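Close look at the chain arrangement
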Amino acid sequence: MSDSTGHHASHATHEVHEHIVPVSTYVTIFVSLLILTALTTGMAWVDMGRWNLVVALVIAVCKALLVVLFFMHVKYNKGLSRIALVAAVFWLGLLITFTLSDELTRHWEINPLPWAGAILPMFRHLIF
Amino acid sequence: MSTTATIDHAPGAPAEPQINYLNARYGVRSWLLTLDHKRIGLLYLGTITVMFVVGGIAATMMRLNLLEPQGALVEPETYNKLFSTHGIVMVFFFLVPSIPATLGNFLIPLMIGARDVAFPKLNLLSWYIFATACCLMLYVVATGGVDTGWTFYTPYSSLHSHTDVFLAAMAVFIGGFSSILTGMNFVVTIHKMRAPGMTWFRLPLFIWAMYATSLIFVLATPVIAVTMFLLMLERVLHVGIFDPALGGDPLLFQHMFWFYSHPAVYIMILPSMGVISELITAFSRKKIFGYSFIAFSSLAIAVISFLVWGHHMFVSGQSVYAGLVFSVLSFLVAIPSAVKVFNWTATLYKGSISYEAPMLYALGFIGLFTIGGLTGLFLASLATDVHLNGTYFIVAHFHYIMVGGAVMALMGGLHFWWPKITGRLYPDLWARFAALVIFIGFNLTFFPQFILGYLGMPRRYAMYPAEFQALNVLSSAGASVLAVGYVIPVIYLIWSLRNGPIAGPNPWGAKGLEWTTQSPPLTENFVKTPIVTEEAYNYETAPEPEVARV
Amino acid sequence: MSEAATVHDNPTGFSHQFEDLEQQREAGRLGMWVFLATEVLFFGGMFAAYTVYRSLHPMAFDIGSHLLDVRFGATNTAVLICSSLTMALAIRSAQTGKKKGTIIWWLVLTMLLGATFLFLKFRFEWYHDYIEHTIPGFGFHNLPQWGANAPQVQMFMCFYFFMTGLHALHMIVGIGVLAVLTGMAGRGKFTSQYFAPLEISGLYWHFVDIIWIFLFPLLYLAGGRYPH
């Protein structure tokens, strides 16, 4: 946690120091984003079967990271903003993962292995 | 203001009336346009009290109906609307905002040494959003209510119910934004506005609890919002993602609903636990046992609460494998709560204990919450839940935690901080009497329901087999005692506003920054920003109580 | 002072509950990030539902995906990326103390790009879907070649409209916020020391862009556009 001693009192005219991102950086990121958009659109016409979706999502994550790190300044502002974002994405992951753990396993058969049914009687036999 | 000649002054109370947040400005506009977190807390207190009465009336009618096996008062269709109204109003419009929006709003800036919350205008906006949602819900209730249960399960709620599900869902949707704004405000306030010297580990445990609660507000509430939004769309378009005709899965609704609603129950109990930590230390005049354990257990509860929602769906058709995982995790979530109970008990040990009303509520909480929590373990077990799900055992379980826990903590906290909020003392004899009546009434109402559930009486039924009548009558009788118990504090607390003895800054001799400032506080809380130099709950340096101990 | 206890206009931009402007700035930024976290979960709920149904009905969702026009989807993605650039430049021009005309120029450009996005979506994509009877709840028409997949194709279209509709709603709000900021810039409110409203609105705008960055591949490209 940042700010371990609480914010010290200073008068309201305290200078605000902020990292100023050069225009060239913004333009580079912008061009990269356009290239990645063209890439993901083009890749849709390549037959990769199930991997089409994976590739598309990976590219989307890259684009999102570029926006987050540079346009939203997360690269330059360390600390809580990163934690907030990571936590939100992680929590969404919990929702998706646990819901899928139900939806995708609903039709799993309960087939105990042949020897599994023998375990409990064996224990009883050994103990009593 | 009453003349000082005829009103008692507690020792330590100022001789002359002082300027404070209540008398700094007068008039309806100064309240409706206030940016003061303390006034906003009181606005919330008024609103949730109204909703509590509405939910309580629904409960009264339900318990009256259950006096007879064939239903004594209403038709089954009406009974369905009654339990739905009771659930929706009590959960979304009373319990979820209760301690956070009232005591949280009032106390957080005071406890951390700040002048206000980070975003006062958003704070006021959150109350207006909440009040709008309440008005909408009251309109729904007045025009016939809904009969879906507070859980709004599809496809009944989305396609088949003839009641106004759309507006009820919208009321919950709108109310959710009030929670989100409150949570945002608290997170930023606690991170950024602590006074100099107020490190994280010097914070009162109420703040830790409120912080953990705010994390849940922020992460869980948006999911219920989108779920209600989708339900609203389906009601209007007559087609949607929960529509079975399109292959929609009713269980998906339940997953999304409970992803919020299980953490929501921790929204309801975590702040209560924070209050109890404050009460136990103040009335045993002793440093809390295991401060960091309690602090971290609040965070642990907040995190683990998101991993257990499937335990509401064990018998709904959910996969057995998912059920296994949720069951194990549900056992895990009990551990941090148990840690707190152990630590509170250890705090009491060798403490200098007194039995004022707030302490009675706190002690009652520990016992009743423990019962409620332990019965949760029966329900976390897949094998027993199969038999107990859908019965009164569940009803008793959650009422022990919600009413025996959360409401008792709210009452205890209101009494404890009443002198700070109003500058007046209430008559402690009546307060202790009311606490006792509430405790007895509560147990008479809800303990029989454990037995009824165990014996197999289903919940949400307007009628029941004749052999259950005795226990039902006992439960309804208990409810009438409980109702009386809730009315008594309303009377003496309102009485105290004009006629109670004037309180000093620290009637209980408690530790905490809120007790270092006048009662009631100034609008900007402190004359000078406090500087914190000692650990929390350092009762060795605590002042003597201004009122005699009991 | 009790004067701060009611809503009033604050000419200097500094709010009295804070100790100084830097604390106010940090608090504002953290507040917006926490709000964006809530938005991740708000949209995320729908993403979760979409993921579930897509896993269960991949073929039907593929058919549904082919009902969407990739050209408009890709163009709109590019439009939003441009708008993120112009937004970042608007903030930067305030931060570097440029005159208010520059800030207003970049803000107006951002709004125009946002409006372009909405125009392309509503006038071309949604109107086309309306004509073709592929809007659920508005005369949805099953095509015979969908066969048994027809109900889930309609389900896909439900998701398409709900998700892009919610996104469009957020864009409309964003354009409204930008209009307010343009007004503030016109009145000379922003200096190199005080541009927090621009910064935190920028965070919101970039976030709405990111949502679309995920919506485009998930809705338009998911099943692949190769012949199959």
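Residues numbered from 1 in each chain as written. Chains lettered and ligands numbered in written order. Predicted model: local features only at pLDDT ≥ 70, side-chain atom pairs only at ≥ 80, totals over all residues.

1. A closer look at the overall build of chain C
When helices and strands are tallied, chain C shows six helices and zero strands. Principal-axis analysis of the C-alpha atoms gives chain C an extent of 70 × 35 × 30 Å. Look at the contacts in chain C between residues 6 or more apart in sequence, and 77% of them connect residues 24 or more apart. (Helix = DSSP H or I, 4+ residues; strand = E, 2+ residues; numbered from the N terminus. Contact = placed C-beta atoms within 7 Å.)

2. A closer look at the overall build of chain A
Secondary structure summary: chain A contains four helices and zero strands in total. For chain A, the α and β elements follow one another from N to C terminus as α-α-α-α.

3. Section: the interface of chain B and chain C
Contacts between the two partners involve 42 residues from chain B, matched on the other side by 32 residues from chain C. Going through the elements one at a time, α5 (120-142), α7 (165-192), α8 (205-237) and α9 (250-284) of chain B are the ones with two or more residues in the side of chain B that touches chain C. Residues that form the side of chain B that touches chain C fall into these classes: 26 nonpolar, nine polar and seven charged. (Nonpolar A, V, L, I, M, F, W, Y, C, P; charged D, E, K, R; others polar.)

4. Regarding unusual backbone geometry
Residue and element names in this part refer to chain B. Between Thr-154 and Pro-155 the backbone carries a cis peptide bond, its omega angle lying at -5°. Relative to the assigned elements, Pro-155 resides in the loop between α5 and α6 (156-160). Its identity as a non-glycine residue notwithstanding, His-238 has a phi of 60°, on the positive side. As for its placement among the helices and strands, His-238 is situated in the loop between α8 and α9. Given 12 C-beta atoms within 10 Å, His-238 falls into the exposed group. (Buried ≥ 20, exposed ≤ 12 C-beta atoms within 10 Å, placed from the backbone.)

5. Things to note about the packing of helix α5 (residues 150-186) of chain C against helix α6 (residues 196-221) of chain C
Residue and element names in this part refer to chain C. Packing of α5 against α6 leaves a shortest axis separation of 10 Å and a crossing angle of 160°. The angle between α5 and α6 falls in the class roughly antiparallel. Crossing of α5 over α6 shows left-handed handedness. Here α5 contributes Tyr-160, Met-163, Thr-164, His-167, His-170, Met-171, Gly-174, Val-177, Leu-178, Leu-181 and Met-184 to the contact with α6, which in turn contributes Pro-197, Leu-198, Ser-201, Tyr-204, Trp-205, Val-208, Ile-211, Trp-212, Leu-215 and Leu-219. Grouping the constituent residues of the contact of α5 with α6 by class yields 16 nonpolar, five polar and no charged. (Axes fitted to C-alpha atoms, helices over the stretch in contact; angles between N-to-C directions. Parallel < 35°, antiparallel > 145°, perpendicular 65-115°, else oblique. Left-handed = near helix turned anticlockwise from the far one by under 90°.)

6. Re the nonpolar core
Core analysis: the largest hydrophobic core is formed by 285 residues, its most contacted members being Ile-112, Met-137 and Ile-207 of chain B together with Val-34 of chain C. In terms of residue count, the dominant contributor to this core is α8 of chain B (23 residues). (Core = buried A, V, L, I, M, F, W, Y, C linked by C-beta atoms within 7 Å.)

7. Quick look at helix α14 (residues 392-422) of chain B
Taking the largest bend as the criterion, α14 of chain B deviates by roughly 45°, centred on Phe-416 of chain B, and proline Pro-419 of chain B comes between one and four positions later. In the stretch just after α14 of chain B, Gly-423 of chain B is the one whose phi turns positive, near 75°. (Bend = angle between axes of the 7 residues up to and from the residue.)

8. Quick look at the interface of chain A and chain C
With 46 residues of chain A in contact, the opposing surface of chain C contributes 45 residues. Listing elements by their share of the side of chain A that touches chain C, those giving two or more residues are α1 (23-43), α2 (51-71) and α3 (80-103) of chain A. When residues of the side of chain A that touches chain C are assigned to their parent elements, the largest contribution, 14 residues, is made by α3 of chain A. In terms of residue class, the side of chain A that touches chain C is built from 32 nonpolar, ten polar and four charged.

9. A short note on the confidence of the model for chain A
When the pLDDT values of chain A are averaged, the result is 82; 77% of them are 70 or greater. Below pLDDT 50 for its whole length, residues 1-16 of chain A participates in 35 contacts with residues either more than four positions away or in separate chains. (pLDDT = per-residue confidence, 0-100.)

10. Some thoughts on the environment of Phe-140 of chain C
Residues and elements named next belong to chain C. By the element assignment, Phe-140 lies in the loop between α4 (100-131) and α5. Classification of Phe-140 as partly exposed rests on a count of 18 C-beta atoms within 10 Å. Residues Phe-140 and Glu-22, 118 residues apart in the sequence, show an inter-C-alpha distance of 54 Å. If we skip the residues at most four places from it in the chain, Phe-140 touches His-133, Thr-134, Ile-135 and Gln-154.

11. Examining the packing of α14 of chain B against helix α15 (residues 428-455) of chain B
Residue and element names in this part refer to chain B. The contact between α14 and α15 brings their axes to 7 Å, and the two run at 170°. Of the possible angle classes, the one that applies to α14 and α15 is roughly antiparallel. Classified by chirality, the crossing of α15 by α14 is left-handed. Taking contact as the criterion, the partners of Tyr-392, Phe-393, Ile-394, Val-395, Ala-396, His-399, Tyr-400, Val-403, Gly-404 and His-415 in α14 are, on α15, Ala-431, Phe-442, Phe-446, Gln-449, Phe-450, Leu-452, Gly-453 and Tyr-454.

12. Let's talk about the confidence of the model for chain C
Do not read the fine detail of predicted coordinates wherever pLDDT is low. Residues and elements named next belong to chain C. In the predicted model, chain C carries a mean pLDDT of 92, and 95% of its residues have values of at least 70. Taken as a whole, residues 1-8 scores under 50 in pLDDT and shows 18 contacts with residues more than four places along the chain or in a different chain. The ipTM, which scores confidence in the relative placement of chains, is 0.93 for this predicted complex, and the corresponding pTM is 0.93.

13. Here we look at the environment of Phe-119 of chain B
Inspection of the secondary structure puts Phe-119 of chain B in the loop between α4 (98-112) and α5. Linking Phe-119 of chain B and Phe-186 of chain B, residues 67 residues apart in sequence, is a C-alpha distance of 9.1 Å. If sequence neighbours within four positions are ignored, Phe-119 of chain B has contacts with Asn-185 of chain B together with Gly-31 of chain C.

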